[in-house]
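Read off the chains here:
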Amino acid sequence: MSREAPVLILEYDSTEMVPGGAGNAASNVAALGGQVRLVSLVGRDEAGRRVQRVLPARVDRRGLVRPAGFRTPVKTRILAGGIHSAKQQVVRIDRMSPRAVTDAERVAIARAAHAAVRDADAVLISDYGSGLVTPALAKDVADRVRRRGVPVLVDSRYALTRYRGLTACAPNESEVEQALGVRIDDHLPVLERAGRRILQRTRMQAVIVTRGSRGMAVFEPGRKTVHIPIFGSDQIADVTGAGDTVMATLTLALAAGASVEDAARLANVAGGLVVMKRGTATIRAAELVRALRSV
Amino acid sequence: MIEITRKFSGARVVVIGDLIADEYVYAAWLACRERLRS
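1. Describing the overall build of chain A
When helices and strands are counted, chain A shows 9 helices and 11 strands. The globule rule puts the C-alpha radius of gyration for 295 residues at 19 Å, and the 20 Å found for chain A is close to it. A principal-axis box enclosing the C-alpha atoms of chain A has dimensions of 65 × 45 × 40 Å. Split into buried and exposed, the 295 residues of chain A put 45% on the buried side. Of the contacts formed within chain A by residues at least 6 apart in sequence, a portion of 61% connects residues at least 24 apart.

Structure, rendered in structure tokens:
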């Protein structure tokens, strides 16, 4: 214990940086072997330089916009533990941009998105709530690719039901509970009603509800709900970034021509594998194939 | 489903959204270091 305050003293070991948010989703697509272009804002600051250095080489950076005065959001997690034991997260410090995303930055992102989706097989919109990604941008992108039948998926933490008419979303159970003001737990009739309500409200072609150790539920209009049990053990090491792995696998599988149900089954396996790894991790296609062969 | 994974390499995905720098700072409990030294 410290003599300065009732706090523990830690001895610094090392620092690691990995791409988070949409960067993690893009890293997951790249790890699975897909071709991926990231459209995002990045600051001309030290964090911006570092996060670009750790983006996998396979991630196409032509969609990165670097406006002056924008600060790259940083989430710092302090992990502590014994020398030879697994570390646990003690505290997280967030350094988000002190100002809102400007109109000029939104226009620049829309332009980068228009160029990027021209030859895309699928689009993933990842809304972490900064105001960069909006339902209007999602609609704009969806309108541009609709004629080619390109799937557009959305991952939104706080505004799920404001995204309408896209291909699919994959909220977790607590996001569904928050959006609808219900409590699901183990009650399948409540889950059924909730899934159908999200489908109705968002007018999406599919809603995949991720349920942690209870697996996934796939809702499509006019089809019976498909319940997929959890893949692997429930020996969960770390769920950080698992939602990004699920969304990346779903999107890549749809881009490769899979049905929604098959894409969800693949995403379920990828999600089951990634939670057995520590930290923000990714899954390679070979790992996915090995796991599929073991089923 | 394995068949689908073979088509991953030809699939082009665009990800649009917030790029966040996720920083992990690893540390050891001081007591562990001291126990190790003694």
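Once you've had a look at it, read on.
2. A closer look at the pairing of strand β10 (residues 216–219) of chain A
Residue and element names in this part refer to chain A. Burial along β10 is two-sided: the residues M216 and V218 and A217 and F219 are all buried. For strand β9 (residues 206–210) and β10, the ladder comprises 4 bridges, and the chain directions are antiparallel. Within β10, the position partnered with V209 by the bridge is A217. In this antiparallel pair of consecutive strands, β9 and β10, the connection spans 5 residues, and G212 shows a positive phi of 60°. Inspection of the sheet shows β10 paired to strand β11 (residues 226–228) by 3 bridges, in the antiparallel sense.

3. Some remarks on the sheet that holds strand β1 (residues 10–21) of chain A
Strand order across the open sheet formed by 4 strands is β1(A)-β2(B)-β4(A)-β5(A), with mixed pairing between neighbours. The sheet is open, and its two edges are formed by β1 and β5 (88–95) of chain A, each paired on a single side. Neighbour-to-neighbour, the strand axes of the sheet open up by a mean angle of 20°, direction not taken into account. As paired strands, β1 of chain A and strand β2 (residues 19–29) of chain B are joined by 11 bridges and run antiparallel to one another. What sits directly across from Y12 of chain A, in β2 of chain B, is A27 of chain B. Of the strands in this sheet, β1 of chain A together with β2 of chain B touch helix α1 (residues 22–31) of chain A, which is tilted by about 75° from β1 of chain A. Against the sheet, helix α2 (residues 46–54) of chain A engages β1 and β4 (74–81) of chain A together with β2 of chain B, with an angle of about 75° to β1 of chain A.

4. A few points about the packing of α1 of chain A against helix α7 (residues 242–255) of chain A
All names here are of chain A. Orientation of α1 relative to α7, taken along the N-to-C sense of each, is 50°, at an axis distance of 8 Å. Here α1 is positioned oblique relative to α7, judged by the angle of their axes. The interaxial crossing formed by α1 with α7 has right-handed handedness. Judged by residue contacts, N24, A25, N28 and V29 of α1 engage D244, T245, M247, A248 and L252 from α7.

5. Examining the packing of helix α5 (residues 173–180) of chain A against helix α6 (residues 188–202) of chain A
Residue and element names in this part refer to chain A. α6 packs onto α5 with a crossing angle of 70° between their chain directions and a minimal axis gap of 11 Å. What the angle tells us is that α5 and α6 run roughly perpendicular. You can see that α5 and α6 cross each other, and the crossing is left-handed. Contacts between α5 and α6 pair V176, A179 and L180 from the former with A194, R197 and I198 from the latter. Tallied by class, residues from the contact of α5 with α6 come to 5 nonpolar, no polar and 1 charged.

6. Considerations on the interface of chain A and chain B
Note on interface size: it is often stated as the accessible area lost on association of the parts. Facing 79 residues of chain A, the contacting portion of chain B comprises 30 residues. Residues that form the side of chain A that touches chain B fall into these classes: 47 nonpolar, 19 polar and 13 charged. In the sheet, strand β6 (residues 122–127) of chain A pairs with strand β1 (residues 12–17) of chain B via 5 bridges, with the strands oriented parallel. From the neighbouring strand, V123 of chain A faces β1 of chain B, where its bridge partner is V14 of chain B.

7. As for the sheet that holds β6 of chain A
Pairing is mixed across the open sheet formed by 9 strands, whose spatial order is β3(A)-β2(A)-β1(B)-β6(A)-β7(A)-β8(A)-β9(A)-β10(A)-β11(A). A single partner strand is all that each edge strand has here, and the edge strands are β3 (59–65) and β11 of chain A. Relative to strand β2 (residues 35–41) of chain A, helix α3 (residues 103–117) of chain A is tilted by about 170°, and along the sheet it contacts β2, β3 and β6 of chain A together with β1 of chain B.

8. Here's the deal with the environment of G82 of chain A
By the element assignment, G82 of chain A lies in the loop between β4 and β5. Each C-alpha atom, one on G82 of chain A and one on E192 of chain A, is 44 Å from the other, the two residues being 110 residues apart in sequence.

What counts, and where the lines are drawn
Residue numbers run consecutively from 1 along every chain, following the written order of its sequence. Think of it this way: whatever chain is written first is A, whatever ligand is written first is 1, and the rest follow in order. Selection of residues for local features in this predicted model requires a pLDDT of at least 70, selection of side-chain atom pairs for listing and counting requires 80 or more, and totals for whole chains, interfaces and linings are taken over all residues. The helix count covers DSSP runs of H or I at least four residues long, the strand count covers runs of E at least two residues long, and both are numbered beginning at the N terminus. Every radius of gyration here is taken over C-alpha atoms, with the globule rule written as 2.2 Å times N^0.38, N being the number of residues. Here exposure depends only on C-beta density: within 10 Å of a residue's C-beta, 20 or more other C-beta atoms make it buried, 12 or fewer make it exposed, and intermediate numbers make it partly exposed, the C-beta atoms being placed from the backbone. Note on contacts: residues are paired as contacts if their backbone-placed C-beta atoms lie within 7 Å. Should DSSP find at least two bridges between two strands, the strands are taken to pair. All axes here are fitted lines through C-alpha atoms, helices being fitted over the stretch that makes contact, and every angle between N-to-C directions spans 0 to 180 degrees. In these notes the angle categories are as follows: under 35 degrees is roughly parallel, over 145 is roughly antiparallel, 65 to 115 is roughly perpendicular, and the rest is oblique. Less than a right angle of anticlockwise turn of the near helix away from the far helix marks a crossing as left-handed, whereas a clockwise turn marks it as right-handed. Throughout this entry, Asp, Glu, Lys and Arg are counted as charged residues, while Ala, Val, Leu, Ile, Met, Phe, Trp, Tyr, Cys and Pro are counted as nonpolar. The remaining residues, Gly among them, count as polar.

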